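Results of the structural survey
For reference, the chains in residue letters:
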Amino acid sequence: MSSVPSRQAPIVMVIDFHHARGPEIELCFGDDGADPATENDWSLLPFMALSDGAHMSTEEFSYFTLRRKETVAEPPTSLFGISCARQIDSNSLLYRPADVTRSTVQKAVVVITDSPQSLGQLREKLSIVASAWFAQRDFSDVDILKKFRESLAINLNKDEGIRDQNLGLSLREMIHEFKHQTLVLFKALLLQPKMLFFGSRCERLCMIQFSLVSLIPGLINCLQDCADPAFENYAKNVEKPTTLKTSDRSSLLAYTGLPLQIFGKGSMFGPYTPLQQLELLADHGTKSYVVGSTNSLLLQQKDRYSDILINLDEDTINISSPSLRSALALSVADRRWIDLLTQIINETWDEAHPQQPKTHGYMGSEEFIRLQFEEYLLALLSCMKYHEELNSFTAGDPGRRSRDQLEAFNIEGDPALEFNVEFLEMWQNTSNYALFKRLTSDALLFSIVEPRHPCAGGLTIDDVQRRLSQQVADLHLDERVRESREALNRHISTGQKKVSAAFNNFWSDIEAMREAQRKKNEEKAPQSQRSSLDKGPSPPFSPSDTASVHSTSGSSWFGGRKAPQVDISQAQASVSAAGQRAGAYLNSWSTWASEKRKEWQEKKPTPSSPSPVTSPSTPTLASVTEPSDLPERGRRSMQASHSEDFDTLSRSGSRRKRWSNIFLRRDSGEYSSPNGKDEGDSSEYETANPRSQLSKEVTVHDDEVSHPVERPSKAPAAEILQKSDAKEHTTTADVPTEQPKTLIEAQIGDVKKVGAEQQAPSESTQVAESKT
């Protein structure tokens, strides 16, 4: 066994960042006032204690290794340091030295010990002491630091019983973040490449490296050669075990060649390595190392200073060498083993307390993880020993066991193949495997530990399902789908609200337009009624008409008024009398029209005189050329309109009322166009009050001559007949209604006045004619 050197008392130091000289050692508390920094040439200690970027945090921790030179009583060895860096505003200091010229003062309290296992406890104590010292606001008072160093020296011997504990090294967090790549890093550690860890947080950077190193059983207790690649005390002083006590775990681990000496000759370990140590990393004697840095300049030269780059900010692993990448590829059994372990960690994960499982049980705990990796490593060592026996038997080396002796162990095939053959070949060329082989040359490890992979076997459907579920969990598809579903629901809901609002606005606009149109019609109806009552007599008004109109309209400005009392029998009698008078008048008008048609046929001019005869007092209508069958159609349409208008006029009193309004408008001069109707209101009255065919222009067709038709006034039929015989031309007729004579005479005068103002039509104009 290796000789255990005597424990060294802890050293407490203070590192100050000077504005001109940079970081430097300000205070040192050691044995008998000695200066270990000068004795051991710790010129880089200030750069290790104040890491790059420490000023960006209120409190930052750094972990590093130091070399202690050989003395008369002790061989050279490695020491481990932890620093707590803090800063304070210069104006808040009670005593401000003259050399403090910056706005902040940055200092670090450092503890140096010979055992990395105590770093977990030192971290908590150091944080409290540094915070209390800064709270004094007077750095000249160092009594608290002296008492802290004395307490560490007193508790030095009490920590011997907890040397196997690994406080502050969270394996759960590492597996939760790196998952199956944790096993890649573990196997890479056995191959001893140049591993460079990068991260912006120094404490997390260092803790990940200590967690990885602690996965190899017993290695954290045997790091005396890790500070310098020239150290090899462990390999020189270790002795081959000759006895085995299976009930003693330490004896079993020693008999199997553990711990594997990862940091020996040509190798070093620096949790935080400043840029000032790059020369040591690039030295020819440095073959492998595990170091960490917070300076991004190393990322630009990663190919020079690393074979494997672990970026903790991005949680990525970059393997530059193709052969190393192939050797570190996980086999089916390896992937199954680490996936099962990751699944246990995820099932027991607690965000509030990541260091312990939420069940507070053994499954998923730190001890559980360490024992799982210990079982994996023991199986690997046992399989390697059997693999060597098989190769020596095949090669026919003398002194090796026979086939019968190997078959007696009842081992099927070569179980070492489950660990990736390329990895086994590369591992056999490392210095740690050479030391393992020397310490276990005669040991039959496969007779003590079963040479079988913990998760041996081919690929199964469970492996595929587990890997798919793990990939889904890595991609966070459930969270993304949930977020997408929520976003989609929000968009759909918003879209529905917008569409519904737009539709409601559109419908309300339509309703508003309808309401405005309805109110406009309602306002026009009372005005026409009032004008008909003021200007002249009209047929008896029936209150039932107004009542029926307002009953159909939902919201009228008459709605608030109470409908007057109506005598239904009197209204019906008035309607019947008006209908009889209208029928008699239409019959007389029909008789007059038939007589005039006969006279026009007798007086039809010859074809040689196509010029129409017009009266100067009669307006000339625009000619329209029509086919020869137009008289027949005009006759049929006139007959149909006679019967239709007769039925229309006899339907209700409201229709008679509108007729009266039309004549009153004509009397007042609103119908001033040559055609006897107002152009502006023609569409309205044609739709609202359709006239009979007699109220329109009537043309009489001859063979070749079309006579203009004059619209007669509302005079008796005999008087109109006399005027037509004297003038010898036809006239256009309106539907006659009962009207005072004065109104008719005024209308005839208006027609003559309009006819006199118009020019005579050209000879080429043809006048439309129709037969009654």
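Residues numbered from 1 in each chain as written. Predicted model: local features only at pLDDT ≥ 70, side-chain atom pairs only at ≥ 80, totals over all residues. Heavy atoms only, no water.

Turning next to unusual backbone geometry. Following leucine 258, the chain continues into proline 259 via a peptide bond in cis, with omega recorded as 0 degrees. Within the secondary structure, proline 259 sits in the loop between helix H9 (249-255) and strand E7 (267-270). A positive phi angle is found at arginine 137, which is not glycine, with a value near 60 degrees. Position of arginine 137 among the secondary structure elements: in the loop between helix H3 (119-135) and helix H4 (143-154). (Helix = DSSP H or I, 4+ residues; strand = E, 2+ residues; numbered from the N terminus.)

Right, let's talk about the confidence of the model for the chain for a bit. Confidence in the prediction of the chain, expressed as mean pLDDT, is 75, and 66% of residues score 70 or more. Confidence drops under pLDDT 50 across residues 536-563; counting only partners more than four residues distant or on other chains, this segment forms 29 contacts. Scored below 50 in pLDDT, residues 758-772 makes 49 contacts in the model with residues more than four places away or belonging to other chains. (pLDDT = per-residue confidence, 0-100. Contact = heavy atoms within 4.5 Å.)

The next subject is the packing of helix H5 (residues 171-178) against helix H14 (residues 332-347). For any two helices packed against each other, one specifies the crossing angle of their axes together with the interaxial distance. With their axes 10 Å apart at the nearest point, H5 and H14 run at an angle of 110 degrees to one another. Of the possible angle classes, the one that applies to H5 and H14 is roughly perpendicular. Note that H5 runs across H14; the crossing there is left-handed. Two secondary-structure elements touch here, H5 through Arg172, Ile175 and His176 and H14 through Leu341, Thr342, Ile345 and Asn346. In the contact of H5 with H14, the residues fall into 3 nonpolar, 3 polar and 1 charged. (Axes fitted to C-alpha atoms, helices over the stretch in contact; angles between N-to-C directions. Parallel < 35°, antiparallel > 145°, perpendicular 65-115°, else oblique. Left-handed = near helix turned anticlockwise from the far one by under 90°. Nonpolar A, V, L, I, M, F, W, Y, C, P; charged D, E, K, R; others polar.)

Note on placement: lysine 385 falls in helix H15 (residues 366-395). When sequence neighbours within four positions are dropped, the list of residues in contact with lysine 385 reads Phe436, Thr440, Ser441, Ala443, Leu445 and Phe446.

As a further point, take the sheet that holds strand E8 (residues 288-293). What links the strands of a sheet is backbone hydrogen bonding, and the strands pair in either a parallel or an antiparallel sense. Across the sheet, 5 strands lie side by side as E7-E8-E6-E9-E10; this open sheet has mixed pairing. Of all the strands in the sheet, the pair left with one neighbour each is E7 and strand E10 (316-319). The mean inter-strand angle of the sheet, taken between neighbouring strand axes irrespective of direction, is 15 degrees. Pairing analysis gives 4 bridges linking strand E9 (residues 308-311) to E10, with the strands arranged antiparallel. Each bridged residue has a counterpart across the sheet, and for isoleucine 308 the counterpart in E10 is isoleucine 319. Relative to the sheet, helix H6 (residues 181-191) contacts strand E6 (194-198), E8, E9 and E10, its axis offset from that of E6 by approximately 140 degrees. (Pairing = 2+ DSSP bridges.)

Time to look at the pattern of salt bridges. A complete count under the given rule lists 19 salt bridges for this structure. Here lysine 107 makes a salt bridge to glutamate 26, at a shortest N to O gap of 2.7 Å. Separated by 81 residues along the polypeptide, lysine 107 in strand E5 (residues 104-113) and glutamate 26 in strand E2 (residues 22-29) bring together distant segments of the chain. Judged by relative accessible area, which is 6%, lysine 107 ranks as buried. Residue class for glutamate 26 comes out partly exposed when judged on its relative accessible area of 39%. Arginine 370 is the partner of glutamate 366 in a salt bridge, and the nearest nitrogen-oxygen pair spans 3.9 Å. A residue pair is termed a helical-turn pair when its members lie 3 or 4 positions apart in one helix, as glutamate 366 and arginine 370 do in helix H15 at 4 residues. The pair formed by glutamate 366 and arginine 370 is uniform in burial state, with each residue classed as buried. Via salt bridges that share partners, Asp16, Glu26 and Lys107 belong to a single interconnected network. (Salt bridge = Lys/Arg side-chain N within 4 Å of Asp/Glu carboxyl O. Buried < 20%, exposed > 50% of the residue type's maximum accessible area, 1.4 Å probe, protein only.)

Read from one edge to the other, the open sheet built from 5 strands follows the order E2-E1-E5-E4-E3, with strand pairing classed as antiparallel. Of all the strands in the sheet, the pair left with one neighbour each is E2 and strand E3 (59-68). Looking at each pair of strands side by side, their axes are set apart by 25 degrees on average, direction ignored. Relative to E5, strand E1 (residues 11-18) runs antiparallel, the two being bridged by 6 bridges. Across the sheet, the residue bridging to valine 12 is valine 111, located in E5. Against the sheet, H4 touches E1, E2 and E5, its axis set at about 145 degrees to E1.

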